[in-house]
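Structural features, examined
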Amino acid sequence: MTHSHILGTGSYAPSRILTNHDLERIVHTSDAWITERTGIKERRIAADGEVTSDMAVAAARKALEMAGTDPIDLDMIIVGTISPDMPMPSCAVFVQAKLGASRAFAFDLSAACAGSLYGMAIADQFIRSGRARRVLVIGAELLSRLLDWQDRSSCVLFGDAAGAVVMGPTPDPARGLISTHLHSDGAAAGILAIPGGGSKYPQSEEVLAKRLNKISMNGREVYKYAIRVLPEAILEALAANGLKPGAIDHVVSHQANVRIVESVVDRLGIPREKCWLNIDRYGNTSSASLPISLDEANRAGRLRPGDLIAMMAIGAGMAWGSALVRW
């Protein structure tokens, strides 16, 4: 059966760097406190006038170039984001227009930090069914404009960036996206959310005064949730394919906190050096994190044909999942 594989990867981060020492002048925190608890040293901040679709397009162009794909040949564009240019229309249609991908249908996907993984799973199904041959999947977030810069527990964590992959069919059973495994738990929605701005708390002076339009997070509960379900998701993917953790050559993960990633791989008995880490340079870029990590590992020559890559991500919802890819 024809299944999907990754033809090209790309990423983009704004040029402005906000270090932990810079944050010390904004909010009551310290470089030592942030580094010890998160592994983050700096993050990128979008320029004035730069919007999410701009970053998405920059990452997409790099992925398309690597894939040898012209935008006009795209059948489908999926953008994972919780920070689109505007509530309506989708960020994806702005990406389509800026790329000139007039044949593609385009839509956004809201799964927060798991957005790009969810997007790859959807693209895989369209490719397997023969309904699409070239799919662009992007994770793009401009979170700096959704942060409460007075909340030191959350404003130190996030950054702006975008990552992209181009996916297409392959008849080669020895490579490609082997399987994806997605989960959600709405009962845990309250531990990571942006409460205001929707139909429950429409925009108002009260919503703005209470900062309900900003990211709200119970970091302790998110951490406990992540280290429980992510190892289970990886084991689920391995079991579905008759594999053991020792078969994994690389872990490419959404990176919210270095302690989460290290705890998960330690629990699975996977050496930490198999995991590509860049959270120290970007912070948590939500849906962009996983494709950025994949792109960096790819361009660094770390990924070789036949390598088994385990992917994992978790975000607000709660929404999480895993995937196995044979490079």
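Everything discussed here concerns the structure shown above.
Attention here is on the structure that accompanies the text. (Residues numbered from 1 in each chain as written. Predicted model: local features only at pLDDT ≥ 70, side-chain atom pairs only at ≥ 80, totals over all residues. Heavy atoms only, no water.)

Comments concerning the pairing of strand E6 (residues 135-142)
With respect to burial, E6 is a largely interior element, eight of its eight residues being buried. Judged by which residues are buried, E6 turns out to be covered on both faces: Val135, Val137, Gly139 and Glu141 on one side and Leu136, Ile138, Ala140 and Leu142 on the other are all buried. The pairing of strand E4 (residues 76-80) with E6 spans five bridges and is classified as parallel. Residue pairing in the sheet places Val79 in a bridge with Ile138 of E6. Two elements, E6 and strand E7 (residues 160-170), share eight bridges in a ladder whose sense is antiparallel. From the neighbouring strand, Val137 faces E7, where its bridge partner is Val165. (Buried < 20%, exposed > 50% of the residue type's maximum accessible area, 1.4 Å probe, protein only. Helix = DSSP H or I, 4+ residues; strand = E, 2+ residues; numbered from the N terminus. Pairing = 2+ DSSP bridges.)

Digging into the side chain of Ser286
With respect to the secondary-structure elements, Ser286 resides in the loop between helix H10 (279-282) and helix H11 (289-299). Each residue touching Ser286, except ones within four places of it in the same chain, is listed here: Ala112, Cys113, Glu141, Leu143 and His254. (Contact = heavy atoms within 4.5 Å.)

With respect to the sheet that holds strand E8 (residues 176-184)
Each strand in a sheet pairs with its neighbour through backbone hydrogen bonds, running either in the same direction (parallel) or in the opposite one (antiparallel). Sheet architecture is open: four strands sit in the order E8-E13-E12-E11, paired in mixed fashion. Each edge of the sheet is formed by a strand with only one pairing partner; in this case those strands are E8 and strand E11 (250-253). Neighbouring strand axes in the sheet, compared pairwise and without regard to direction, differ in orientation by 15° on average. Sheet strands in contact with helix H5 (residues 115-129) are E8, strand E12 (308-315) and strand E13 (319-326), and its direction is about 125° off that of E8. (Axes fitted to C-alpha atoms, helices over the stretch in contact; angles between N-to-C directions.)

Remarks on the pattern of salt bridges
For the coordinates displayed, the defined rule picks out 13 salt bridges. Between Lys210 and Glu206 there is a salt bridge, with the nearest N and O atoms lying 2.8 Å from each other. Just as Lys210 is exposed, Glu206 falls in that class too. One salt-bridge network, held together by shared partners, links Glu262, Asp266 and Arg272. (Salt bridge = Lys/Arg side-chain N within 4 Å of Asp/Glu carboxyl O.)

Considering the packing of aromatic side chains
In this description, a pair of aromatic rings is defined by centroid distance and the angle of the planes. In this structure the tally under the stated criterion is three aromatic pairs. Aromatic side chains Phe105 and Phe107 sit 6.3 Å apart centroid to centroid with 15° between the ring planes, which places their arrangement in the stacked category. Of the residues examined, Phe107 reaches a relative accessible area of 25% and is grouped as partly exposed. Summarising the aromatic geometry, the rings of Tyr225 and Trp320 are spaced 5.6 Å apart at their centres and angled 70° between planes, so their arrangement reads as edge-to-face. One end of the pair, Tyr225, is in helix H8 (residues 219-240); the other, Trp320, is in strand E13, with 95 residues separating them in the sequence. Exposure class is identical for Tyr225 and Trp320. Each is buried. Every member of this aromatic cluster is reached through a ring pair, and the members are Phe105, Phe107 and Phe126. A cation sits over an aromatic face here: Arg259 above Tyr223, 5.7 Å from the ring centre. (Phe/Tyr/Trp six-rings, centres within 6.5 Å; stacked < 30°, edge-to-face > 60°. Lys NZ or Arg CZ within 6 Å of the ring centre and 35° of its normal.)

Function-wise, these values are silent; they only describe arrangement.
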